[in-house]
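If you want the building blocks of each chain, they are given just below.
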Amino acid sequence: MELENPPGTDRYQAGLDCLQRVDGPQGLAVVESLARSFPDFARYLVEFPFGDIYARHQLGLREREIATVAALTALGTAVPQLKVHVHAALHVGCDPAEIVEAVMQMAVYAGFPAALNGLAVVREVFAAQGIALPLA
């Protein structure tokens, strides 16, 4: 089994690089803000999700963001994180229609309230990005 980040590599730097690819400057700003109050947690947030998991090669960033949007929608308790990841999904090249479909799919598995709340987040992020609804 090959390790994605072999011992001796800088997980934090690998995580920052991946975070930049996923979220752009917004993601780095979130980490910098968090680090001012909770530096250890900010480091964990960079190293584990982005330095270890997102950096794996079995899925691309588009697929990871679709999965993340779906999971956060299903949770129903992570609206701020869902906003970040809808934006990130757009940033890594997901089509707006793919994002809408992933959220709608959650009505089957997480219920209509979770999907409705997720679609409200999608509407907000799309409006901020100049993406008109309904989609063509």
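Residues numbered from 1 in each chain as written. Predicted model: local features only at pLDDT ≥ 70, side-chain atom pairs only at ≥ 80, totals over all residues. Heavy atoms only, no water.

**What to know about the nonpolar core**
Line of reasoning, step 1. Counting residues in each nonpolar core, the largest one holds 16 residues, and the members touching the most others are Val69, Leu82, Val86, Ile99, Val122 and Phe126.
Line of reasoning, step 2. Every element with two or more residues in this core is listed here: helix 4 (61-75), helix 5 (79-91), helix 6 (96-110) and helix 7 (112-129).
Line of reasoning, step 3. Every residue in contact with Leu82, bar those within four places of it in the chain, is listed here: Val69, Leu72, Thr73, Gly118 and Val121.
Line of reasoning, step 4. Grouped together as the second largest cluster of nonpolar side chains are nine residues, Leu19, Val22, Tyr54 and Ala88 included. (Core = buried A, V, L, I, M, F, W, Y, C linked by side-chain atoms within 4.5 Å. Buried < 20%, exposed > 50% of the residue type's maximum accessible area, 1.4 Å probe, protein only. Helix = DSSP H or I, 4+ residues; strand = E, 2+ residues; numbered from the N terminus. Contact = heavy atoms within 4.5 Å.)

**Topic: the packing of helix 1 (residues 11-23) against helix 3 (residues 39-53)**
Line of reasoning, step 1. At a minimum axis distance of 7 Å, the contact between helix 1 and helix 3 shows a crossing angle of 75 degrees. With respect to helix 3, the axis of helix 1 lies roughly perpendicular. Contact residues: Arg11, Tyr12, Ala14, Gly15, Leu16, Cys18, Leu19, Val22 and Asp23 in helix 1; Arg43, Val46, Glu47, Phe48, Phe50, Gly51 and Asp52 in helix 3.
Line of reasoning, step 2. In terms of residue class, the contact of helix 1 with helix 3 is built from nine nonpolar, two polar and five charged. (Axes fitted to C-alpha atoms, helices over the stretch in contact; angles between N-to-C directions. Parallel < 35°, antiparallel > 145°, perpendicular 65-115°, else oblique. Nonpolar A, V, L, I, M, F, W, Y, C, P; charged D, E, K, R; others polar.)

**Some thoughts on the pattern of salt bridges**
Line of reasoning, step 1. Applying the stated criterion across every chain yields a total of six salt bridges.
Line of reasoning, step 2. The partner of Asp52 in a salt bridge is Arg11, with the nearest N and O atoms 2.6 Å apart. Here Asp52 is found in helix 3, whereas its partner Arg11 is found in helix 1, with 41 residues between them in sequence.
Line of reasoning, step 3. Of the residues examined, Arg11 reaches a relative accessible area of 32% and is grouped as partly exposed.
Line of reasoning, step 4. Between Lys83 and Glu124 there is a salt bridge whose closest N-O contact spans 3.0 Å. Here Lys83 is found in helix 5, whereas its partner Glu124 is found in helix 7, with 41 residues between them in sequence.
Line of reasoning, step 5. Since its relative accessible area comes to 29%, Lys83 is described here as partly exposed.
Line of reasoning, step 6. When salt bridges that share partners are traced, they join Arg11, Asp40, Arg43, Glu47 and Asp52 into one network. (Salt bridge = Lys/Arg side-chain N within 4 Å of Asp/Glu carboxyl O.)

Function cannot be inferred from these measures alone, as they are strictly geometric.
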